[in-house]
Amino acid sequence: MLLENIFVGLVQLVFAIVLAVLALYIGFSVLNRITRDIDEEKELAKGNAAVGIVVAAVFVAIALVIESGVSGLSAGINKALAFGLFTSDGLMVVGLAVFQLILGIVLAVGSIYLALTILDKLTKDVKEFEELKKGNVAVALEMAGVIIAVAWIIQSGVIGITAALA
C-alpha cells in the first residue's frame, strides 16, 4: 500500500508540473497577444522592470488559480483510490478532478485577459501598454495589482468547485 501511495503521489506531482508549465506558457502567450506592440522577451532582455513586473504578476496569478486545481486533483485521486482507481466511480472522480484543473487554467488565463482589457477601457487617459514599453513601473504595479486581485477572486471559485466535487 505504501509503494502504491508513493507511486500515485509521484504521478500527481508529474501531472501537476506538466499542467503548471503548460498553463504558464499559455499565460505568457496570451499576455503577448494582449500587450499588442510589446515584445516581452526583448523588453525583459533590455531590463525593462515594468514588463518584468507584469510578467511576474501573470505567473503569480496563474499559480494562485492552478494551485486550487492541483489540490482538487490530489483530493480527487485520493477519493478515486478509495473507490478503486480503475473502477467506473474512480475513473469518474479522476476525470472530474482533471476537468476542474483544466477549468482552473482556462479561468486563470481568461480572467487575466478580461482584467487587462477592462483596465485598458477604464483608464482612457493612461495607455498602459505604451507606458509599459517605456518602463513605467507605476503603471506596471497597477496592472500587476489588478491581475493578482482578479486571480485571487477566481481562485475562490475554483476552490468552490473543489468543495462541490469532494
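You'll find the structure just up there.
As a starting point, this report considers the structure included with it. (Residues numbered from 1 in each chain as written. Predicted model: local features only at pLDDT ≥ 70, side-chain atom pairs only at ≥ 80, totals over all residues. Heavy atoms only, no water.)

Details of a nonpolar patch on the surface
Item 1. Where nonpolar side chains cluster on the molecular surface, the patch consists of L2, L3, I6, L10, L13, I17 and V21 and spans about 730 Å² of accessible area.
Item 2. Here L3 lies in helix α1 (residues 2-34).
Item 3. Given a relative accessible area of 69%, L3 falls into the exposed group. (Patch = residues over 30% accessible without salt bridge, like charges linked within 9 Å, V, L, I, M, F, W, Y side chains within 5 Å. Areas by Shrake-Rupley, 256 points an atom, 1.4 Å probe, with all protein chains shown as cover. Salt bridge = Lys/Arg side-chain N within 4 Å of Asp/Glu carboxyl O. Helix = DSSP H or I, 4+ residues; strand = E, 2+ residues; numbered from the N terminus. Buried < 20%, exposed > 50% of the residue type's maximum accessible area, 1.4 Å probe, protein only.)

Examining the pattern of salt bridges
Item 1. Applying the stated criterion to the full structure yields two salt bridges.
Item 2. Linking E43 and K46 is a salt bridge whose minimum nitrogen-to-oxygen distance equals 3.2 Å.
Item 3. Residues E131 and K134 are paired through a salt bridge, measuring 3.2 Å at the closest nitrogen-oxygen approach. You can see E131 and its partner K134 sitting in helix α5 (residues 128-134), three residues apart, about one turn around the helix.
Item 4. The class for K134 is exposed, based on a relative accessible area of 61%.

Describing the environment of I154
Item 1. Along the chain, I154 falls in helix α6 (residues 137-165).
Item 2. For I154 and L91, which are 63 residues apart along the polypeptide, the C-alpha to C-alpha distance reads 27 Å.
Item 3. Here I154 is in contact with V65, L107 and S111, once residues within four sequence places are set aside. (Contact = heavy atoms within 4.5 Å.)

Some remarks on the packing of α1 against helix α3 (residues 49-83)
Item 1. Closest axis-to-axis distance for the α1/α3 pair is 9 Å, and the angle between their directions is 150°. One way to sum up the angle between α1 and α3 is to call them roughly antiparallel. As α1 runs across α3, the sense of the crossing is right-handed. The segment α1 lies against α3, with E4, N5, V8, Q12, F15, A16, A23, L24, G27, F28 and L31 engaging V54, V55, V58, F59, I62, I66, V70, L73, S74, I77, N78 and L81.
Item 2. Here the residues of the contact of α1 with α3 sort into 17 nonpolar, five polar and one charged. (Axes fitted to C-alpha atoms, helices over the stretch in contact; angles between N-to-C directions. Parallel < 35°, antiparallel > 145°, perpendicular 65-115°, else oblique. Left-handed = near helix turned anticlockwise from the far one by under 90°. Nonpolar A, V, L, I, M, F, W, Y, C, P; charged D, E, K, R; others polar.)

Side note on the environment of G110
Item 1. Along the chain, G110 falls in helix α4 (residues 88-122).
Item 2. Taking C-alpha positions, G110 is 20 Å from A97, a pair spaced 13 residues apart along the chain.

Things to note about the nonpolar core
Item 1. If you look at the biggest cluster of nonpolar residues, it comprises 40 residues, and the most contacted ones within it are V54, I62, I112, L116, L132, M143 and I147.
Item 2. The set of elements that each furnish at least two residues to this core consists of α1, α3, α4, α5 and α6.
Item 3. Ranked by the residues each element gives to this core, the list is headed by α3, at 13 residues.
Item 4. In this view, I62 contacts A23, L24, G27, A108, V109 and I112; residues no more than four positions away in its chain are not counted. (Core = buried A, V, L, I, M, F, W, Y, C linked by side-chain atoms within 4.5 Å.)

Digging into the environment of I53
Item 1. As for its position among the elements, I53 is in helix α3.
Item 2. Along the sequence, I53 and V137 sit 84 residues apart, while their C-alpha atoms lie 7.8 Å from each other.
Item 3. Not counting the four nearest positions on each side in its chain, I53 is found in contact with V137, A140, L141 and A144.

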